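A closer look at the structure
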Amino acid sequence: LPLLLEATLLHLASGFHPPFYNGFYYNHVMNDEANGQEKDLPFLSPLDYFNEPKLVVETPKDPIYSSNGANVTLPCHYHYEPDIEAKPKIRIKWSKLRDDYTKEQDVLVAVGKVLMAFGDFQGRAYLRQVDRHDASLVISDVRLQDDGKYRCEVIDGLEDENDVVDLRLQGIVFPYQPPRGQYRLNFHEAEKVCRDQGAILANFNQLFQAWSEGLDWCNAGWLADGTVQYPIRLPRKHCGGLHLAPGIRSYGPRHRRLHRFDAFCFSSGLRGEVFYLDRQSGMTLKEAKQSCQDAGAEIARVGHIYSAWKFLGLDRCSAGWLADGSVRYPIIKPRPNCGPPEPGVRSFGFPRKGRFGVFCYKER
């Protein structure tokens, strides 16, 4: 029976040849009047279908740079090849790609002049639309977490094209250890301590930029994508070995709850100023906080002092309290009795006792 069935199928297949062309099947279709009459269509090649205008979406290949509190435009334009008039119901969607490659974050969707922004972008994101093919995204009051890659997607019926824009904030990466000491933070705790210091967990691009500018740090720390890495400029025995080239050492992804390391935090430009207060006899931490409040400010965080050092040229050879209980001071021009011969933010750690000045922060 199986042989008889196989022979029958082969016979039917050999005697039946439906019309086809390069994989495309064409047959009689109902006419427009749908009156049951069949109508022969002219034979078309696949090339006729691909000669329709093609939708093209273009964004800059180089990163767009901005800073905390600024306004920025992410350019995106679309056109057709060959050129045709843009359709009124074009749908434009912007989304932000996450560092850990999880689901994209919706930013904005627009159809014509109707648009909707989502989440933290509500009230801050809109389309520029200076011409009929402009899909550029404008973000006002840029925040630290806005740094990253954005997808510009243009949808015209069944056509859907997109391209990516890289927004990078000008900022500074600094390593952070809590008062309890080295390697005490899981991933979620690392996120929190960076936020508490007026910063966010750094991403790899930010750490790489900091390394290229001279950051050398032998302690491993969390990054925003859940990996643990550290930057080495001068190879040495206990930092990956003497025979490894300079670069970013990586432990790869770690368990976000169980594994513990330090953190690499990222801070950008300030919306205010950092200033120093002191008394002749110095202050305790409690007195330092009150002094800042009396001056209409708050005690500065670690992110504030690093940003003021890098972007505002803050240089002070006097140690001062910060909000986390640490004592630090920023040096632009190294000099005797002010620490090592390189510029940087010096740290006295987290003294339990002692009287120092204080760095305060006041928003404009």
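Note that the structure is a prediction, hence the values are computed from the model and not measured. (Residues numbered from 1 in each chain as written. Predicted model: local features only at pLDDT ≥ 70, side-chain atom pairs only at ≥ 80, totals over all residues. Heavy atoms only, no water.)

1. Topic: the layout of surface pockets
Reported here for the largest pocket is a volume of approximately 1400 Å³. Lining of the largest pocket is provided by 50 residues; of these, Ile-172, Val-173, Phe-174, Ala-210 and Leu-215 occupy positions nearest its centre. At the level of elements, β14 (148-156), β15 (159-169), β16 (171-176), α4 (204-212), α6 (302-311) and β26 (344-347) are the ones that each hand at least two residues to the lining of the largest pocket. Residues belonging to the lining of the largest pocket are distributed by class as follows: 24 nonpolar, 12 polar and 14 charged. Put simply, the second largest pocket is a space of about 580 Å³. Looking at the second largest pocket, it is lined by 24 residues, and the ones nearest its centre are Lys-96, Asp-99, Gln-145, Glu-191 and Ala-224. Mapped onto the lining of the second largest pocket, the elements with two or more residues apiece are α3 (187-196) and β17 (200-201). Residue contributions to the lining of the second largest pocket peak at three residues, all from α3. Broken down by class, the residue content of the lining of the second largest pocket amounts to nine nonpolar, five polar and 10 charged. For the lining of the second largest pocket, the two domains that each supply at least three residues are domain 1 (54-169) and domain 2 (171-267). (1 Å grid on protein atoms, 1.4 Å probe; cavity = no way out; pocket = protein on both sides within 12 Å on 5 of 7 lines; lining within 4 Å. Points joined across faces, edges and corners; volume = space filled by probe spheres on them. Helix = DSSP H or I, 4+ residues; strand = E, 2+ residues; numbered from the N terminus. Nonpolar A, V, L, I, M, F, W, Y, C, P; charged D, E, K, R; others polar. Domains from an automatic or database assignment.)

2. Some remarks on α4
The α-helix winds at 3.6 residues per turn, so residues separated by three or four positions along the chain end up facing the same way. Buried within α4 are the following residues: Gln-206, Leu-207, Ala-210 and Trp-211. Seen end-on, α4 carries its buried residues on one side only, within an arc spanning 140°. On its buried face, α4 sits against β16, β17, β19 (227-232), β20 (247-253) and β21 (262-268). The opening residue of α4, the one whose side-chain oxygen lies 3.2 Å from the backbone nitrogen of Asn-205, is Asn-203. Phi turns positive, to about 120°, at Gly-214, one or two residues after α4. (Buried < 20%, exposed > 50% of the residue type's maximum accessible area, 1.4 Å probe, protein only. Arc of directions from axis to C-beta. Contact = heavy atoms within 4.5 Å. Polar contact = N/O pair within 3.5 Å; in protein donor to acceptor, adjacent residues only side chain to side chain.)

3. Things to note about the state of the cysteines
For the coordinates displayed, the defined rule picks out five disulfides. Across the disulfide from Cys-76 sits Cys-152; the S-S distance is 2.0 Å. The disulfide joining Cys-76 to Cys-152 has a torsion of about -80° about its S-S bond and is therefore left-handed. Taken together, the residues Cys-76 in the loop between β7 (72-74) and β8 (77-81) and Cys-152 in strand β14 connect sequence positions 76 residues apart. (Disulfide = S-S within 2.5 Å.)

Scope: geometric values only; no functional claims are made or implied.
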